[in-house]
Amino acid sequence: MKIMKSISPFNFPRAWRVAAIAAWGVFAGPQVWADEPHIADEAVAKPAGVAAVVASAIPSAKDLARPDWIDGGRARFIQTCAYCHGREGEAGKTPPFRSHANWDPKDIFETISNGRKRGGNVMPTWKDAIPPEDIWKIVAYIKFLAADADQAAAKERGG
Amino acid sequence: MVLKKKRMTGVKGSLAAAMALLCSQLVGGAAVAAEPVDNPANWAEYHRDYRGWRYSPLQQITTSNVKKLKVAWIHQPGDITQGLQATPIILDGVVYYIGPNNRVFAVDGATGKEIWHYYTELDPAVSTILFNGYNRGVTVGNGKVFFGTLDGRLIALDQKTGKKVWDTKLTDIKKCNGCNFTSPPVLAGDVIIAGPTGGDLAQRGRLYALNAATGEKAWNFELIKDDPKSWPGTSGEHGGGGAWLPGQYDPKHDLFIVGTSNAAPDFDGTERQGDNLYSATVLAIEPKTGKLRWYHQEVPHDVWDYDSAYEFLFINKDKQDLLVHLNKGGYVSVIDNTSGKVVNTWKFAQNTNWVDKVDAKTGELIGRNEPEVGKTKIFCPSVLGARSWNAGAYSPKTKLWYTNAHEFCEQAAVGKQDPKTAGNGPYFGVADFGFVPPPGGKVSARLEAVDPLTGKLAWSVDYALPGLGGVLVTGGDLVFNGDSNGLIHAYNAANGKELWNFNAGSGIRGGIASYSAGGKQYIIAATGFGSLFPGFASGVFPAFKEAKGAAALIAFTLE
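Heads up: these notes are all about the structure in this document. Numbers given for residues are sequential positions, taken from 1 along each chain in its written order. Here chains are named by letter from A upward and ligands by number from 1 upward, in the order in which they appear as written. Residues qualify for local features only when their pLDDT is at least 70, as the model is predicted, and side-chain atom pairs are given and counted only at 80 or more; totals for whole chains, interfaces and linings, by contrast, use all residues.

**A look at the overall build of chain A**
We count a stretch as a helix when DSSP gives it H or I for four or more residues in a row; a strand needs E for two or more, and each element gets its number in order from the N terminus. Across its full length, chain A holds 7 helices and 2 strands. Starting at the N terminus and walking to the C terminus, you meet the elements of chain A as α-α-α-α-α-α-β-β-α. Across chain A, every contact between residues at least 6 apart in sequence was considered, and the portion connecting residues at least 24 apart equals 76%. We call two residues in contact when their backbone-placed C-beta atoms lie within 7 Å.

Structure (structure tokens):
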């Protein structure tokens, strides 16, 4: 993450950040998940207007698979998220995280950042409380949980 | 369904005695209390009256005719965020209640026709709140309808018109996490008292008292005692200590009785060595001045999230004024209401391991089993208690307390957490946390009828999921309890036999009350999930995953 750190808009003051992310997106070009198809999970809300901004700032699949990111994300997840979602995303009012295949990291990032209202449920917005780089680590942990499900499913298929 | 008949006291023919008892207990309060609490037609306070009984003396609906109970009307608040968690207030045939996102209504109790509504304009910053969307009720008195808001205000409406009389901002939710209000404020003579939600957040809790007529500030009571022996260093600055349930005003002793929430960080006591007063404490405060008359700390230096927030039963036994109080740690204390001294304790939860025992005569915790750094341990009950905040009901006829209960535990290890980065999230101080079944056992839930002074069980009914609604017991010897699948049950108060039920279509998190309008008795239920609990507990009760959101106030009467 050295390069990302040096030019990342996350290092800018909050007021600049949106504009900076947009500009950085143009400069650095969109990073595409080459190893996963972009199948949006219906269960994840997409706040309008935010998707394009964040999409250009997403870390690479390699970064999201880094053990230190996953460990950091797990620690924060247990502190902040486990009360509602369980230690490994097994609780909450959503399907267990391990059952999510092909979960798009930027959708997870957006949901954590902007919260979600659906039916009687409401999840708070976290973008004012958790810095984006830490939200991405939580995403890495959630993807780590979901990836297990992917592998298990692949094994079942004989893959 | 399992029925256990271990003990039953005589219940027949005791109505006259019960009414005499009721009247005798109210005489002292009638002059001070703002509302005619002795009018059987009304449900004037959160628990009907200050005694926390949730007992309606009405007896038109009986064990013989309850089968003919039918829906009279339904009122929907038009927003289902976190369901309907309030207990309605009913005065002179008008139902007052609060729905999601601080929508307040006055509804005709005979027809369900809306008389007025008030939709609170909320600060957009409420999107950041952890304990969000819901509210447990309004308070009605002195010609006004009072409620606390998600964005840190107390508002008074005109009882007749629903127009705003005053609006006082008490906290800044952008700066103070967990400083929103989710429970009805309590009217104590001329002051109205409210406490904020956040025992689990990095904040410093206090009670706020306002002049009920004007909304001007009367006094604050600091729930984090300014004493380095209680809170060393800066630990008190983020020590938690909210008061998220309403408390009760006892006009007989002119006392505001309230239980406070846990100390924070919930599981990590290393930076807050000391008793951490006044967290996990029962407080008796003089409402005119805010002066503390007595206190009893149930869990000194709490490291398990065992709030003292739940309701108090006021019971007069052998001329002694007693308070019966369930702590989240699963023990019930019986406390002298004039001194704060413990006269008895009994174990309510079937599974407890955080102490060897609680001394019956002093309330002292003996043999503490505390969470540790670097080692995951199992604690029973969990942070969700042996029951949630939904109050039980007490009948002066049967002398039994009817309450929901559940059995499950948690695994936890202490982890350092920086209060500065905890933000609007929980400040638990954990490195490991999750709900688990009791060691060697299974998760379970029940409604039980028990002697509140001794813990002697009369009967119990097993439930598939923890019951999360407030219980009602009536002069017609009926116990009403709504379950988490949406069924509202009526039981014979004497033996637990089910006599009637109705499927409301979504779980019950609010209270069930009873009132009379136009000569007819009504049973009214706040229905619809709602609530964070089903999500928390869905790891150990997977059926909670199927909980559907809804919000509907349903009134029943005889055909």
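Next comes the rest of the account.
**Thoughts on the overall build of chain B**
Looking only at helices and strands, one finds 3 helices and 38 strands in chain B. Both definitions apply: the radius of gyration is a C-alpha atom measure, and the globule rule equals 2.2 Å times residues to the power 0.38. Computed over C-alpha atoms, the radius of gyration of chain B comes to 22 Å, within 12% of the 24 Å expected from 2.2 N^0.38 for 559 residues, which places it in the range of a compact globule. Overall, chain B is about 60 × 55 × 50 Å in size when its C-alpha atoms are taken along their principal axes. Field definition: a residue is buried when 20 or more other C-beta atoms are found within 10 Å of its C-beta, exposed when 12 or fewer are, and partly exposed for counts in between, with C-beta atoms placed from the backbone. Buried positions account for 62% of the 559 residues belonging to chain B. The contacts of chain B with a sequence gap of at least 6 include a subset with a gap of at least 24, amounting to 62%.

**So, the sheet that holds strand β20 (residues 320-326) of chain B**
Sheet strands associate in pairs through backbone hydrogen bonding, adopting either a parallel or an antiparallel arrangement. All names here are of chain B. Overall, antiparallel pairing links the 4 strands, which are arranged β19-β20-β21-β22 in an open sheet. The outermost strands of the open sheet, each flanked by one partner alone, are β19 (312-317) and β22 (342-347). Between one strand axis and the next, the sheet turns through 20° on average, direction left out of account. Strand pairing follows a simple DSSP-based rule, namely that at least 2 bridges must link the two strands. Of the pairings in the sheet, the one linking β19 to β20 comprises 6 bridges and is antiparallel in character. When the bridges of β20 are listed, Leu 313 appears paired with Val 324. Interaxial angles span 0 to 180 degrees and are taken between N-to-C directions of axes, which are lines fitted to C-alpha atoms, for helices over the stretch in contact.

**Details of the pairing of β20 of chain B**
Residue and element names in this part refer to chain B. Of all 7 residues making up β20, 5 are buried, and the element is well covered by its neighbours. What sits between the antiparallel neighbours β19 and β20 is a turn of 2 residues, in which Asp 318 has the positive phi angle 50°. With 5 bridges connecting them, β20 and strand β21 (residues 331-336) associate as antiparallel partners. Bridging from a neighbouring strand, Val 324 pairs with Val 334 of β21.

**Let's talk about the nonpolar core**
Note on terminology: a nonpolar core is any set of buried Ala, Val, Leu, Ile, Met, Phe, Trp, Tyr and Cys residues joined through C-beta atoms within 7 Å. In terms of nonpolar packing, the biggest core is built from 203 residues, with Val 138 and Ile 524 of chain B touching the most fellow members. Apart from residues lying up to four places away in sequence, Ile 524 of chain B is in contact with Pro 88, Val 95, Ile 512, Ala 513, Tyr 515, Leu 553 and Ala 555 of chain B.

**Section: the interface of chain B and chain A**
Note on interface size: it is often stated as the accessible area lost on association of the parts. With 34 residues of chain B in contact, the opposing surface of chain A contributes 23 residues. Put simply, the parts of the chain that give the side of chain B that touches chain A at least two residues each are β29 (430-436) and α3 (533-537) of chain B. Element by element, the count of residues in the side of chain B that touches chain A is highest for β29 of chain B, at 5 residues. A breakdown of the residues in the side of chain B that touches chain A according to their chemical character gives 14 nonpolar, 18 polar and 2 charged. Each residue is assigned to one class: nonpolar for Ala, Val, Leu, Ile, Met, Phe, Trp, Tyr, Cys and Pro, charged for Asp, Glu, Lys and Arg, and polar for all the others, Gly among them.

Shape descriptors only; they carry no functional weight alone.
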